[in-house]
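Fold and contact review
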Amino acid sequence: CQMEAAMGLVSGGLVDFIMDANDDDPDAQCQMEAAMDLLCFLSGSSYKSRMALLDKGLSKATSIIKAVVKAMEKHPQSAPIQGCGCMVFHNIALDNKLRTDICEEGGVGQVVSSLSILADDAQLVMRALRALSNLMGGALVDILRTIDSASIIIKAMKRHPQDLCVQVEGASVLWALSATRDNALNSEIVDLDGASVIASAMSQFIASEKMHEKGLAAIWSLCSLVSNEAKETVGRVAINPVVNGLAASVCSDQVVSNGLGCLKCLSTISAIRTLLEESGSIDLVYSCLWIHLQNHSVVQSGLAALCNITINTEANEVMLISEDELAIIVHIMRYHQNVQQVQGNAIQVLKNFTFSPENLAIMGNDLHLPELIRSAKATHRIGFQGRADDLLQLLPDRLQ
(Lines give C-alpha, C1' and ligand atoms only; values in the text may rest on other atoms or scores of the structure.)
Protein backbone atom coordinates (compact mmCIF):
# COMPACT_ATOMS: atom_id res chain seq x y z
CA CYS A 1 0.00 0.00 0.00
CA GLN A 2 2.82 2.37 0.86
CA MET A 3 4.55 1.59 -2.42
CA GLU A 4 1.32 2.16 -4.37
CA ALA A 5 0.79 5.49 -2.62
CA ALA A 6 4.37 6.53 -3.34
CA MET A 7 4.09 5.48 -6.97
CA GLY A 8 0.85 7.41 -7.27
CA LEU A 9 2.49 10.56 -5.94
CA VAL A 10 5.52 10.18 -8.21
CA SER A 11 3.52 9.46 -11.35
CA GLY A 12 1.10 12.28 -10.57
CA GLY A 13 3.99 14.67 -10.10
CA LEU A 14 5.64 13.57 -13.35
CA VAL A 15 2.43 13.96 -15.31
CA ASP A 16 1.81 17.43 -13.85
CA PHE A 17 5.40 18.46 -14.60
CA ILE A 18 5.19 17.30 -18.22
CA MET A 19 1.81 18.91 -18.82
CA ASP A 20 2.81 22.24 -17.19
CA ALA A 21 6.41 22.45 -18.48
CA ASN A 22 7.68 25.92 -19.27
CA ASP A 23 8.96 25.89 -22.83
CA ASP A 24 10.81 29.18 -22.29
CA ASP A 25 13.10 27.62 -19.70
CA PRO A 26 16.53 27.02 -21.36
CA ASP A 27 16.77 23.73 -19.48
CA ALA A 28 13.28 22.61 -20.47
CA GLN A 29 14.42 19.81 -22.80
CA CYS A 30 16.94 18.41 -20.29
CA GLN A 31 14.30 18.45 -17.56
CA MET A 32 11.80 16.76 -19.86
CA GLU A 33 14.33 14.09 -20.78
CA ALA A 34 14.90 13.35 -17.09
CA ALA A 35 11.16 13.21 -16.39
CA MET A 36 10.51 10.89 -19.33
CA ASP A 37 13.43 8.66 -18.36
CA LEU A 38 11.98 8.23 -14.86
CA LEU A 39 8.51 7.54 -16.25
CA CYS A 40 10.02 4.95 -18.60
CA PHE A 41 11.79 3.27 -15.68
CA LEU A 42 8.66 3.17 -13.53
CA SER A 43 6.53 1.74 -16.35
CA GLY A 44 8.96 -1.06 -17.11
CA SER A 45 10.45 -2.10 -13.78
CA SER A 46 7.87 -4.78 -12.83
CA TYR A 47 4.24 -5.67 -13.35
CA LYS A 48 3.38 -4.63 -9.79
CA SER A 49 5.00 -1.21 -10.16
CA ARG A 50 3.35 -0.81 -13.55
CA MET A 51 -0.08 -1.40 -12.05
CA ALA A 52 0.73 0.96 -9.19
CA LEU A 53 1.75 3.58 -11.76
CA LEU A 54 -1.54 3.25 -13.60
CA ASP A 55 -3.46 3.19 -10.28
CA LYS A 56 -6.46 1.03 -9.40
CA GLY A 57 -8.81 0.56 -12.31
CA LEU A 58 -6.16 2.06 -14.59
CA SER A 59 -7.56 5.48 -13.70
CA LYS A 60 -4.30 7.29 -14.43
CA ALA A 61 -3.66 5.64 -17.79
CA THR A 62 -5.27 8.41 -19.85
CA SER A 63 -3.39 11.21 -18.11
CA ILE A 64 -0.08 9.36 -18.56
CA ILE A 65 -0.81 8.75 -22.24
CA LYS A 66 -1.67 12.40 -22.82
CA ALA A 67 1.45 13.56 -21.01
CA VAL A 68 3.71 11.27 -23.04
CA VAL A 69 2.12 12.34 -26.33
CA LYS A 70 2.55 16.02 -25.38
CA ALA A 71 6.22 15.53 -24.47
CA MET A 72 6.91 13.72 -27.75
CA GLU A 73 5.09 16.39 -29.76
CA LYS A 74 7.06 19.21 -28.11
CA HIS A 75 10.48 17.61 -28.66
CA PRO A 76 10.37 15.69 -31.97
CA GLN A 77 14.17 15.84 -32.43
CA SER A 78 15.05 14.52 -28.96
CA ALA A 79 15.94 10.83 -29.26
CA PRO A 80 15.87 10.32 -25.44
CA ILE A 81 12.33 11.73 -25.15
CA GLN A 82 11.06 9.89 -28.21
CA GLY A 83 12.69 6.62 -27.13
CA CYS A 84 11.33 6.84 -23.58
CA GLY A 85 7.89 7.72 -24.91
CA CYS A 86 7.91 4.66 -27.18
CA MET A 87 8.89 2.40 -24.29
CA VAL A 88 6.25 3.86 -21.94
CA PHE A 89 3.60 3.06 -24.55
CA HIS A 90 5.03 -0.42 -25.00
CA ASN A 91 5.09 -1.05 -21.25
CA ILE A 92 1.63 0.20 -20.31
CA ALA A 93 -0.28 -1.28 -23.27
CA LEU A 94 -1.43 -4.24 -21.17
CA ASP A 95 -4.65 -4.99 -23.07
CA ASN A 96 -6.56 -3.97 -26.19
CA LYS A 97 -8.47 -1.22 -24.37
CA LEU A 98 -5.23 0.50 -23.36
CA ARG A 99 -3.85 -0.01 -26.87
CA THR A 100 -6.96 1.60 -28.31
CA ASP A 101 -6.72 4.48 -25.81
CA ILE A 102 -3.10 5.10 -26.81
CA CYS A 103 -4.08 5.06 -30.47
CA GLU A 104 -7.04 7.41 -30.00
CA GLU A 105 -4.89 9.88 -28.06
CA GLY A 106 -2.42 10.00 -30.94
CA GLY A 107 0.20 7.68 -29.47
CA VAL A 108 0.56 5.39 -32.47
CA GLY A 109 0.83 8.34 -34.82
CA GLN A 110 3.49 9.89 -32.60
CA VAL A 111 5.55 6.68 -32.52
CA VAL A 112 5.39 6.42 -36.33
CA SER A 113 6.40 10.09 -36.57
CA SER A 114 9.42 9.39 -34.33
CA LEU A 115 10.33 6.46 -36.57
CA SER A 116 10.27 8.75 -39.59
CA ILE A 117 12.08 11.78 -38.13
CA LEU A 118 14.81 9.87 -36.29
CA ALA A 119 15.20 6.99 -38.73
CA ASP A 120 19.01 7.12 -38.58
CA ASP A 121 19.06 6.33 -34.84
CA ALA A 122 19.07 2.52 -34.64
CA GLN A 123 18.28 2.45 -30.91
CA LEU A 124 15.29 4.74 -31.36
CA VAL A 125 14.10 2.76 -34.39
CA MET A 126 14.25 -0.48 -32.39
CA ARG A 127 12.26 1.05 -29.52
CA ALA A 128 9.65 2.52 -31.86
CA LEU A 129 9.19 -0.77 -33.70
CA ARG A 130 8.91 -2.66 -30.42
CA ALA A 131 6.21 -0.25 -29.25
CA LEU A 132 4.31 -0.56 -32.52
CA SER A 133 4.34 -4.35 -32.41
CA ASN A 134 2.46 -4.14 -29.10
CA LEU A 135 0.13 -1.29 -30.11
CA MET A 136 -1.12 -2.67 -33.43
CA GLY A 137 -3.83 -4.72 -31.71
CA GLY A 138 -5.66 -1.54 -30.72
CA ALA A 139 -4.91 0.60 -33.77
CA LEU A 140 -7.60 1.44 -36.30
CA VAL A 141 -6.81 0.48 -39.89
CA ASP A 142 -7.89 3.89 -41.21
CA ILE A 143 -5.42 5.60 -38.88
CA LEU A 144 -2.63 3.21 -39.87
CA ARG A 145 -3.22 4.07 -43.52
CA THR A 146 -3.45 7.82 -42.86
CA ILE A 147 -0.11 7.98 -41.05
CA ASP A 148 1.62 5.96 -43.80
CA SER A 149 2.70 3.36 -41.27
CA ALA A 150 3.68 0.56 -43.69
CA SER A 151 5.96 2.76 -45.76
CA ILE A 152 7.73 4.28 -42.75
CA ILE A 153 8.26 0.90 -41.06
CA ILE A 154 9.74 -0.66 -44.20
CA LYS A 155 11.98 2.36 -44.84
CA ALA A 156 13.30 2.12 -41.28
CA MET A 157 14.14 -1.56 -41.79
CA LYS A 158 15.91 -0.74 -45.06
CA ARG A 159 17.93 1.95 -43.29
CA HIS A 160 19.43 -0.59 -40.84
CA PRO A 161 19.93 -3.87 -42.74
CA GLN A 162 22.83 -4.95 -40.51
CA ASP A 163 21.00 -4.45 -37.20
CA LEU A 164 19.46 -7.72 -36.02
CA CYS A 165 17.25 -6.09 -33.35
CA VAL A 166 15.78 -3.66 -35.88
CA GLN A 167 15.06 -6.46 -38.36
CA VAL A 168 13.45 -8.72 -35.75
CA GLU A 169 11.26 -5.93 -34.38
CA GLY A 170 10.44 -4.76 -37.89
CA ALA A 171 9.31 -8.22 -38.96
CA SER A 172 7.22 -8.43 -35.79
CA VAL A 173 5.51 -5.10 -36.60
CA LEU A 174 4.79 -6.10 -40.20
CA TRP A 175 3.33 -9.35 -38.88
CA ALA A 176 1.09 -7.37 -36.51
CA LEU A 177 0.22 -4.91 -39.28
CA SER A 178 -0.76 -7.68 -41.67
CA ALA A 179 -2.81 -9.32 -38.90
CA THR A 180 -5.25 -6.38 -39.10
CA ARG A 181 -6.59 -8.48 -41.99
CA ASP A 182 -6.97 -5.47 -44.26
CA ASN A 183 -6.36 -6.65 -47.82
CA ALA A 184 -5.42 -3.20 -49.11
CA LEU A 185 -2.87 -2.71 -46.32
CA ASN A 186 -1.34 -6.13 -46.94
CA SER A 187 -1.10 -5.46 -50.66
CA GLU A 188 0.61 -2.18 -49.85
CA ILE A 189 3.20 -4.00 -47.72
CA VAL A 190 3.94 -6.32 -50.65
CA ASP A 191 4.11 -3.43 -53.15
CA LEU A 192 6.57 -1.61 -50.86
CA ASP A 193 8.91 -4.66 -50.87
CA GLY A 194 8.03 -5.58 -47.30
CA ALA A 195 8.33 -9.32 -48.01
CA SER A 196 11.64 -8.77 -49.78
CA VAL A 197 13.04 -6.83 -46.81
CA ILE A 198 12.02 -9.60 -44.40
CA ALA A 199 13.43 -12.29 -46.71
CA SER A 200 16.75 -10.42 -46.92
CA ALA A 201 16.92 -10.15 -43.13
CA MET A 202 16.26 -13.88 -42.75
CA SER A 203 19.09 -14.63 -45.16
CA GLN A 204 21.39 -12.10 -43.49
CA PHE A 205 20.79 -13.51 -40.00
CA ILE A 206 20.51 -17.19 -40.84
CA ALA A 207 21.63 -18.22 -37.34
CA SER A 208 18.94 -16.19 -35.53
CA GLU A 209 15.99 -18.33 -34.45
CA LYS A 210 14.05 -15.23 -33.41
CA MET A 211 14.52 -13.68 -36.87
CA HIS A 212 13.14 -16.82 -38.49
CA GLU A 213 10.23 -16.99 -36.04
CA LYS A 214 9.08 -13.41 -36.67
CA GLY A 215 9.98 -13.37 -40.36
CA LEU A 216 8.15 -16.59 -41.18
CA ALA A 217 5.10 -15.44 -39.22
CA ALA A 218 5.01 -12.16 -41.17
CA ILE A 219 5.37 -13.85 -44.56
CA TRP A 220 2.73 -16.45 -43.68
CA SER A 221 0.32 -13.73 -42.59
CA LEU A 222 0.94 -11.72 -45.76
CA CYS A 223 0.42 -14.73 -48.02
CA SER A 224 -2.85 -15.60 -46.33
CA LEU A 225 -4.46 -12.26 -47.12
CA VAL A 226 -3.30 -11.08 -50.55
CA SER A 227 -4.28 -11.89 -54.11
CA ASN A 228 -2.70 -14.80 -55.96
CA GLU A 229 -0.63 -12.35 -58.00
CA ALA A 230 0.76 -10.72 -54.85
CA LYS A 231 1.25 -14.16 -53.27
CA GLU A 232 3.38 -15.21 -56.23
CA THR A 233 5.44 -12.02 -55.83
CA VAL A 234 6.02 -12.87 -52.16
CA GLY A 235 6.86 -16.48 -53.00
CA ARG A 236 9.48 -15.65 -55.62
CA VAL A 237 11.46 -13.43 -53.22
CA ALA A 238 10.85 -15.43 -50.05
CA ILE A 239 10.84 -19.11 -50.93
CA ASN A 240 14.58 -19.75 -50.47
CA PRO A 241 14.85 -17.75 -47.21
CA VAL A 242 11.72 -19.57 -45.95
CA VAL A 243 13.18 -23.00 -46.69
CA ASN A 244 16.64 -22.07 -45.39
CA GLY A 245 15.21 -20.49 -42.24
CA LEU A 246 13.07 -23.55 -41.59
CA ALA A 247 16.08 -25.81 -42.04
CA ALA A 248 18.28 -23.64 -39.81
CA SER A 249 15.80 -23.71 -36.91
CA VAL A 250 14.24 -27.11 -37.54
CA CYS A 251 14.15 -27.99 -33.82
CA SER A 252 12.03 -24.97 -32.85
CA ASP A 253 8.31 -25.77 -32.59
CA GLN A 254 7.29 -22.17 -33.30
CA VAL A 255 9.64 -21.63 -36.24
CA VAL A 256 8.62 -24.92 -37.80
CA SER A 257 4.92 -24.20 -37.30
CA ASN A 258 5.29 -20.78 -38.96
CA GLY A 259 7.46 -22.16 -41.74
CA LEU A 260 5.06 -24.97 -42.57
CA GLY A 261 2.24 -22.42 -42.63
CA CYS A 262 4.23 -20.45 -45.22
CA LEU A 263 4.80 -23.53 -47.36
CA LYS A 264 1.15 -24.52 -47.21
CA CYS A 265 0.05 -21.04 -48.26
CA LEU A 266 2.65 -20.54 -50.99
CA SER A 267 2.11 -23.99 -52.48
CA THR A 268 -1.37 -23.00 -53.71
CA ILE A 269 0.37 -21.13 -56.56
CA SER A 270 1.49 -23.45 -59.35
CA ALA A 271 4.69 -21.55 -60.20
CA ILE A 272 5.74 -21.46 -56.55
CA ARG A 273 4.97 -25.16 -56.11
CA THR A 274 7.58 -25.86 -58.78
CA LEU A 275 10.11 -23.74 -56.90
CA LEU A 276 9.28 -25.63 -53.71
CA GLU A 277 10.04 -28.94 -55.40
CA GLU A 278 13.37 -27.60 -56.70
CA SER A 279 14.34 -26.17 -53.30
CA GLY A 280 14.15 -29.53 -51.52
CA SER A 281 11.26 -28.43 -49.33
CA ILE A 282 9.50 -31.82 -49.56
CA ASP A 283 12.31 -33.63 -47.75
CA LEU A 284 12.42 -30.78 -45.24
CA VAL A 285 8.70 -31.13 -44.49
CA TYR A 286 9.12 -34.86 -43.78
CA SER A 287 12.09 -34.08 -41.52
CA CYS A 288 9.97 -31.58 -39.59
CA LEU A 289 7.19 -34.14 -39.23
CA TRP A 290 9.59 -36.72 -37.83
CA ILE A 291 11.42 -34.36 -35.47
CA HIS A 292 8.15 -32.91 -34.12
CA LEU A 293 6.20 -36.17 -34.24
CA GLN A 294 4.72 -35.65 -30.76
CA ASN A 295 3.48 -32.09 -31.43
CA HIS A 296 0.00 -32.39 -32.93
CA SER A 297 -0.10 -28.73 -33.98
CA VAL A 298 3.14 -28.97 -35.95
CA VAL A 299 2.30 -32.28 -37.64
CA GLN A 300 -1.14 -30.95 -38.51
CA SER A 301 0.49 -27.99 -40.28
CA GLY A 302 3.05 -30.25 -41.96
CA LEU A 303 0.42 -32.62 -43.31
CA ALA A 304 -1.63 -29.66 -44.54
CA ALA A 305 1.44 -28.40 -46.41
CA LEU A 306 1.94 -31.84 -47.96
CA CYS A 307 -1.70 -31.86 -49.10
CA ASN A 308 -0.92 -28.86 -51.31
CA ILE A 309 2.66 -29.58 -52.29
CA THR A 310 2.35 -33.23 -53.31
CA ILE A 311 -0.35 -32.82 -55.96
CA ASN A 312 -0.55 -30.56 -59.01
CA THR A 313 -4.17 -30.44 -60.11
CA GLU A 314 -3.38 -28.27 -63.16
CA ALA A 315 -0.88 -30.79 -64.56
CA ASN A 316 -2.79 -33.78 -63.11
CA GLU A 317 0.40 -34.99 -61.43
CA VAL A 318 1.22 -36.36 -58.00
CA MET A 319 4.60 -36.85 -56.32
CA LEU A 320 5.95 -40.27 -55.52
CA ILE A 321 6.16 -41.41 -51.92
CA SER A 322 8.93 -43.58 -50.50
CA GLU A 323 8.52 -46.32 -47.89
CA ASP A 324 10.28 -44.13 -45.31
CA GLU A 325 7.99 -41.18 -46.04
CA LEU A 326 4.92 -43.38 -45.76
CA ALA A 327 6.25 -44.75 -42.46
CA ILE A 328 6.39 -41.21 -41.05
CA ILE A 329 2.73 -40.60 -41.93
CA VAL A 330 1.77 -43.97 -40.42
CA HIS A 331 3.64 -43.13 -37.20
CA ILE A 332 1.81 -39.79 -37.01
CA MET A 333 -1.59 -41.43 -37.46
CA ARG A 334 -0.80 -43.96 -34.74
CA TYR A 335 0.55 -41.36 -32.29
CA HIS A 336 -2.31 -38.87 -32.75
CA GLN A 337 -5.29 -41.21 -33.10
CA ASN A 338 -7.47 -38.89 -30.98
CA VAL A 339 -6.74 -35.69 -32.96
CA GLN A 340 -9.36 -35.44 -35.69
CA GLN A 341 -7.63 -32.76 -37.79
CA VAL A 342 -4.36 -34.70 -37.85
CA GLN A 343 -6.20 -37.83 -38.99
CA GLY A 344 -8.12 -35.85 -41.59
CA ASN A 345 -5.00 -34.24 -43.04
CA ALA A 346 -3.15 -37.57 -43.10
CA ILE A 347 -6.03 -39.28 -44.90
CA GLN A 348 -6.19 -36.44 -47.44
CA VAL A 349 -2.45 -36.70 -48.14
CA LEU A 350 -2.71 -40.46 -48.55
CA LYS A 351 -5.69 -40.04 -50.89
CA ASN A 352 -3.61 -37.64 -53.01
CA PHE A 353 -0.86 -40.24 -53.31
CA THR A 354 -3.27 -42.87 -54.68
CA PHE A 355 -3.38 -41.09 -58.04
CA SER A 356 -0.07 -42.82 -58.81
CA PRO A 357 0.06 -46.63 -59.30
CA GLU A 358 3.60 -46.64 -57.91
CA ASN A 359 2.38 -45.00 -54.71
CA LEU A 360 -0.52 -47.44 -54.41
CA ALA A 361 1.89 -50.36 -54.59
CA ILE A 362 4.00 -48.94 -51.74
CA MET A 363 0.91 -48.15 -49.65
CA GLY A 364 -0.45 -51.65 -50.25
CA ASN A 365 2.63 -53.16 -48.65
CA ASP A 366 2.00 -51.42 -45.32
CA LEU A 367 0.03 -53.84 -43.15
CA HIS A 368 -0.90 -51.17 -40.57
CA LEU A 369 -2.46 -48.59 -42.88
CA PRO A 370 -5.98 -50.06 -43.30
CA GLU A 371 -6.25 -50.64 -39.57
CA LEU A 372 -5.33 -47.01 -38.83
CA ILE A 373 -7.81 -45.67 -41.40
CA ARG A 374 -10.63 -47.77 -39.94
CA SER A 375 -9.61 -46.66 -36.45
CA ALA A 376 -9.80 -43.01 -37.50
CA LYS A 377 -13.30 -43.54 -38.89
CA ALA A 378 -14.48 -45.29 -35.73
CA THR A 379 -12.84 -42.88 -33.28
CA HIS A 380 -14.14 -39.69 -34.90
CA ARG A 381 -17.36 -41.17 -36.35
CA ILE A 382 -16.92 -39.39 -39.66
CA GLY A 383 -15.88 -40.52 -43.13
CA PHE A 384 -13.50 -37.62 -43.76
CA GLN A 385 -15.58 -36.55 -46.79
CA GLY A 386 -15.51 -40.09 -48.18
CA ARG A 387 -11.71 -40.20 -48.42
CA ALA A 388 -11.36 -42.92 -45.77
CA ASP A 389 -13.68 -45.32 -47.62
CA ASP A 390 -12.00 -44.47 -50.93
CA LEU A 391 -8.62 -45.39 -49.46
CA LEU A 392 -9.88 -48.65 -48.02
CA GLN A 393 -11.36 -49.61 -51.41
CA LEU A 394 -8.14 -48.78 -53.23
CA LEU A 395 -5.89 -50.81 -50.95
CA PRO A 396 -5.38 -54.50 -51.89
CA ASP A 397 -8.19 -56.86 -50.91
CA ARG A 398 -5.87 -58.99 -48.81
CA LEU A 399 -5.53 -56.07 -46.37
CA GLN A 400 -9.23 -55.56 -45.87
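Here, every reference points to the structure presented above.
Residues numbered from 1 in each chain as written. Predicted model: local features only at pLDDT ≥ 70, side-chain atom pairs only at ≥ 80, totals over all residues. Heavy atoms only, no water.

A few points about the overall build of the protein chain
Note the cut-off: Only runs of H or I of at least four residues qualify as helices and only runs of E of at least two qualify as strands under DSSP, and these elements are numbered from the N terminus. Should any heavy atoms of two residues lie within 4.5 Å, those residues are considered in contact. In these tables, accessible area is a Shrake-Rupley quantity obtained with a 1.4 Å probe, and a residue counts as shielded only by the protein chains included in the view.
A tally of regular secondary structure across the protein chain gives 24 helices and 2 strands. With respect to the three principal axes, the spread of C-alpha positions in the protein chain is 90 × 45 × 35 Å. For the protein chain, restricting intrachain contacts to residue pairs at least 6 apart in sequence, the fraction spanning at least 24 positions comes to 73%. When the accessible surface of the protein chain is split by element, carbon and sulfur atoms take 49% of a total near 17,300 Å².

A word on helix α3 (residues 47–54)
Under the convention used in this document: Exposure classes here rest on a 1.4 Å probe applied to the protein chains alone. A residue is buried below 20% of its type maximum, exposed above 50%, and partly exposed in between.
S49, R50, A52, L53 and L54 are the residues of α3 that are buried. Two residues or fewer after α3 comes D55, characterised by a positive phi angle close to 75 degrees.

Overview of the packing of helix α2 (residues 28–44) against helix α4 (residues 61–74)
Note the following rule: All axes are obtained by fitting lines to C-alpha atoms, using only the stretch in contact for helices, and the reported angles, taken between N-to-C directions, cover 0 to 180 degrees. Each angle gets one of four labels, with under 35 degrees taken as roughly parallel, over 145 as roughly antiparallel, 65 to 115 as roughly perpendicular, and the rest as oblique. Crossings are assigned a handedness: left-handed for a near helix turned anticlockwise from the far helix by less than a right angle, right-handed for a clockwise turn. Any residue that is not Ala, Val, Leu, Ile, Met, Phe, Trp, Tyr, Cys, Pro, Asp, Glu, Lys or Arg is counted as polar, Gly included; the first ten are nonpolar and the last four charged.
Viewed as axis vectors pointing N to C, α2 and α4 meet at an angle of 140 degrees, and their least axial separation amounts to 11 Å. By the criterion of interaxial angle, the relationship of α2 to α4 is oblique. The handedness of the crossing between α2 and α4 comes out as left-handed. Between α2 and α4, the contacting residues are M32, M36 and L39 on the first element and I64, V68 and A71 on the second. A per-class count over the contact of α2 with α4 returns 6 nonpolar, no polar and no charged.

Some remarks on the side chain of N352
Checked against the element boundaries, N352 lands in helix α21 (residues 340–353). Sequence-distant contacts of N352, defined by excluding residues within four places in its chain, comprise C307, T310, I311 and V318.

A word on the environment of G364
As for its position among the elements, G364 is in helix α22 (residues 357–364). With 31 residues separating them in the primary sequence, G364 and L395 have C-alpha atoms 5.5 Å apart.

Some remarks on the pattern of salt bridges
In plain terms, the rule: By definition, a salt bridge exists where a carboxyl oxygen of Asp or Glu is found within 4 Å of a side-chain nitrogen of Lys or Arg.
Tallying each qualifying case throughout the model produces 9 salt bridges. Of the charged contacts, one joins D101 and K97 as a salt bridge, the two residues approaching to 3.0 Å between their closest N and O atoms. With a gap of 4 residues between them, D101 and K97 both fall in helix α6 (residues 96–104), about one helical turn apart. A relative accessible area of 17% places D101 in the buried class. What makes K97 exposed here is its relative accessible area of 58%. D142 serves as the salt-bridge partner of R145, at 3.4 Å between the closest nitrogen and oxygen. On the criterion of helical spacing, the pair formed by R145 and D142 is a turn pair, its members being 3 residues apart in helix α9 (residues 141–146). Because the salt bridges share partners, they merge into one network encompassing D142, R145 and D182.

Quick notes on the nonpolar core
How we decide: For our purposes a nonpolar core is just a set of buried Ala, Val, Leu, Ile, Met, Phe, Trp, Tyr and Cys residues, chained together by side-chain atoms within 4.5 Å.
Judged by nonpolar contacts, the single largest core of 132 residues is most densely connected at I153, L263 and I329. Ranked by residues supplied to this core, first place goes to α4 with 8 residues.

Topic: helix α15 (residues 228–248)
The test is simple: One fewer than the residue count of a helix, multiplied by 1.5 Å, yields its expected span. We define the bend at each residue as the angle formed by axes fitted to the 7 residues ending at it and the 7 residues starting at it.
Its 21 residues give α15 an end-to-end C-alpha distance of 28 Å, which sits within 8% of 30 Å, the value for a rise of 1.5 Å per residue. Its axis deflected by about 55 degrees at A238, α15 carries its strongest bend there, up to four residues before the proline P241. When we look at burial in α15, the residues that qualify are A230, K231, V234, G235, A238, I239, P241, V242, V243, G245 and L246. Of the surrounding secondary structure, the elements contacted by the buried residues of α15 are α12 (183–191), α13 (194–204), α14 (209–225), α16 (253–266), α17 (270–279) and α18 (281–291).

Describing unusual backbone geometry
With a phi angle near 55 degrees, R381 is a residue other than glycine that sits in the positive phi range. Assignment of secondary structure puts R381 in the loop between α23 (369–380) and α24 (387–394). For Q385, which is not glycine, the phi torsion reads 55 degrees and is therefore positive. By the element assignment, Q385 lies in the loop between α23 and α24.

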